[in-house]
Amino acid sequence: MEQSFYDQVFELVKLIPKGRVTSYGAIAKGLGSGGSARMVGYAMSNAHLAASPIPAHRVVNSSGLLTGKFHFSEPNLMQELLEKEGVVVKDDKIQNFKKHFWDPLVEL
DNA sequence: TTAGTGACCATAA
DNA sequence: ATTATGGCCACTA
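Quick caveat: nothing in here was measured; it's all calculated off a predicted structure. (Residues numbered from 1 in each chain as written. Chains lettered and ligands numbered in written order. Predicted model: local features only at pLDDT ≥ 70, side-chain atom pairs only at ≥ 80, totals over all residues. Heavy atoms only, no water.)

Caption draft 1: Molecular detail of the side chain of Asn61. Mapped onto the elements, Asn61 comes out in the loop between β2 (59–60) and α4 (75–84). Of note is the side chain of Asn61, whose polar atom sits 2.8 Å from the backbone nitrogen of Leu65. Excluding residues that lie within four positions of it along the chain, Asn61 makes contacts with Ser23, Tyr24, Thr67 and Phe97. (Helix = DSSP H or I, 4+ residues; strand = E, 2+ residues; numbered from the N terminus. Polar contact = N/O pair within 3.5 Å; in protein donor to acceptor, adjacent residues only side chain to side chain. Contact = heavy atoms within 4.5 Å.)

Caption draft 2: Structural context of the protein's contact with DNA strand C. If you check the shell around DNA strand C, you find Ser4, Phe5, Tyr6, Ser36, Arg38 and Met39 and nothing else. Protein-adjacent atoms of DNA strand C, using a 4 Å cutoff, are sugar or phosphate at a proportion of 57%. The contact in question runs from a phosphate oxygen of DNA strand C to an N or O atom on the backbone of Phe5, over 3.3 Å. Within the contact set of DNA strand C, a base oxygen lies 2.9 Å away from a side-chain nitrogen or oxygen of Arg38. Elements supplying a minimum of two residues to the surface near DNA strand C: α1 (5–14) and α3 (37–45). (Near = heavy atom within 4 Å.)

Caption draft 3: A look at the protein's contact with DNA strand B. Neighbouring DNA strand B are 16 residues; Tyr24, Arg38, Met44, Asn61 and Ser62 lie closest to it. Sugar and phosphate atoms form 48% of the subset of DNA strand B atoms that lie within 4 Å of the protein. A distance of 3.1 Å separates a base nitrogen of DNA strand B from a polar backbone atom of Ser45. Secondary-structure elements contributing two or more residues to the surface near DNA strand B are α2 (24–30) and α3. Per-element accounting of the surface near DNA strand B gives the leading share, 7 residues, to α3. Grouping the constituent residues of the surface near DNA strand B by class yields 7 nonpolar, 8 polar and 1 charged. (Nonpolar A, V, L, I, M, F, W, Y, C, P; charged D, E, K, R; others polar.)

Caption draft 4: Structural context of the packing of aromatic side chains. All told, the structure shown has 3 aromatic pairs when counted by the stated rule. Through pairs of rings, three or more aromatic residues link up here, namely Tyr6, Phe10 and Tyr42. (Phe/Tyr/Trp six-rings, centres within 6.5 Å; stacked < 30°, edge-to-face > 60°.)

Caption draft 5: The nonpolar core, seen in detail. Counting residues in hydrophobic clusters, the biggest one holds 27 residues, and the most contacted among them are Val9, Val13, Met44, Leu82 and Ile94. Those elements that place two or more of their residues in this core are α1, α2, α3, β2 and α4. For this core, the element with the highest residue contribution is α1, accounting for 5 residues. (Core = buried A, V, L, I, M, F, W, Y, C linked by side-chain atoms within 4.5 Å. Buried < 20%, exposed > 50% of the residue type's maximum accessible area, 1.4 Å probe, protein only.)

Caption draft 6: Highlighting the pattern of salt bridges. On inspection of all chains with the given rule, the structure shows 2 salt bridges. Its salt-bridge partner being Glu85, residue Arg58 comes within 2.8 Å of it at the nearest N-O pair. Of the two residues, Arg58 sits in the loop between α3 and β2 while Glu85 sits in the loop between α4 and β3 (89–90), which places them 27 residues apart along the sequence. For the pair shown, Arg58 and Glu85 are each scored as buried. Taking the shortest distance from any N to any O, the salt bridge between Lys69 and Asp92 comes out at 2.9 Å. Note that Lys69 is positioned in the loop between β2 and α4 and Asp92 in the loop between β3 and β4 (93–94), a separation of 23 residues in sequence. Residue classification places Asp92 among the partly exposed positions, given a relative accessible area of 23%. (Salt bridge = Lys/Arg side-chain N within 4 Å of Asp/Glu carboxyl O.)

Shown next as structure tokens:
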């Protein structure tokens, strides 16, 4: 069965532990695609169409910024979900990003 | 097939 | 600090 890059991204994102975050580039690298970070974000744009719920709020850019928050049903949702899981967000940016960072290459 | 696109990343000024 | 630019890869029309 052919699994599209999208599906691989979705699965990996679903594996992100609660209270942890990761970056698009890390996901791309974890999938072995290396520089296809843009594709990861592209996949997330279809995340709301996926069969399973995708915790896209746990995926941010390399700076820890919630770049994709406007793609959620409600822009505030992303930040709220993160704070709800114990992640501190200020001005659309995750505090202690490195501390909450979850690297699929290391943890997986 | 070609062209266009993007929730990125890194570098340069 | 911000703005601009190039590269990068997979998908869609």
